[in-house]
Amino acid sequence: MKVTSAEIVISAVKPEQYPEGGLPEFALAGRSNVGKSSFINKMINRKALARTSSKPGKTQTLNFYLINEMLHFVDVPGYGYAKVSKREREIWGKMIETYLTTREELKAVVLIVDLRHPPTNDDVMMYDFVKHYDIPVVIIATKADKIPKGKWDKHLKVVKDTLELEPGDHLIKFSSETGLGKEEAWAVLQSYMKT
Ligand code: GDP
């Protein structure tokens with residue numbers, strides 16, 4: 001897809017703040033530092049529209065991006081940051097749960113993992129959480145440029161086996177450095193926009 005416009009429309013913490021209009025929506029989740037902002041920026045051809053807001057002490061908000069006036073990306077705060085307090089973790093959990101369970105516009109969750117390493121326990125929890133609510137999942141295995149091509153398939157299998165992916169889940173290798181996987185990712189997202 002050719003992205004011609006992308007802008008942040010709101011940073012929301014509660015449903016009353018979610019944008020209206022009924023546009024299809026994709027939530028982007030991943031552990032802190034996995035490369036989620038880089039993924040968003042690559043997908044929308046911007047250098048730094050999405051910024052990493054996952055460090056402790058920063059406001060934990062759902063950041064809604066309007067793309068081509070036709071869909072929203074929702075940047076979910078990164079998880080798995082060791083230093084956040086139990087209380088912060090609880091607030092995060094409630095906010096995500098409310099969003100995932102009530103948002104009718106949500107077409108799929110894009111879960112970003114690191115192709116180099118097996119998914120973490122937090123990744124598995126996030127995957128299970130999304131599947132529990134019957135929401136379609138697209139797994140993006142990013143940082144593919146950091147490992148040799150010959151090892152991609154082996155690493156993809158580790159991702160698939162660790163998350164215990166189900167038929168129908170999409171798994172796409174990606175690189176925000178080279179743009180690998182970008183067209184495939186857009187094609188999959190576009191297929192969900194029609195659902
Ligand atoms: P976030 O916390 O998940 O939003 O992560 P960022 O997008 O800020 O990325 C974390 C670090 O990984 C940064 O230094 C990025 O430059 C780097 N990074 C992200 N994606 C890629 C990628 O596909 N390839 C490479 N080589 N580095 C990446």
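The structure we're discussing is the one just above.
Everything numeric in this text was worked out from a predicted model, so none of it was measured.

Rules of the game
Residues numbered from 1 in each chain as written. Predicted model: local features only at pLDDT ≥ 70, side-chain atom pairs only at ≥ 80, totals over all residues. Heavy atoms only, no water. Salt bridge = Lys/Arg side-chain N within 4 Å of Asp/Glu carboxyl O. Buried < 20%, exposed > 50% of the residue type's maximum accessible area, 1.4 Å probe, protein only. Helix = DSSP H or I, 4+ residues; strand = E, 2+ residues; numbered from the N terminus.

A look at the pattern of salt bridges
At step 1: Taken as a whole, this structure holds 10 salt bridges when the rule is applied.
At step 2: Here Arg103 and Glu105 are joined by a salt bridge, their closest N and O atoms 3.3 Å apart.
At step 3: Residue classification places Glu105 among the buried residues on the basis of a relative accessible area of 19%.
At step 4: Here Lys131 ties to Asp169 by a salt bridge, and the two come within 2.6 Å at their closest N and O atoms. Placement of Lys131 in helix α3 (residues 121-132) and of Asp169 in the loop between α4 (152-163) and β7 (170-173) is noted, with a sequence separation of 38 residues between them.
At step 5: The class for Lys131 is partly exposed, based on a relative accessible area of 21%.
At step 6: Exposure remark for Asp169: the relative accessible area of 13% places this residue in the buried category.
At step 7: One network of salt bridges, with partners in common, ties together Glu25, Arg103 and Glu105.

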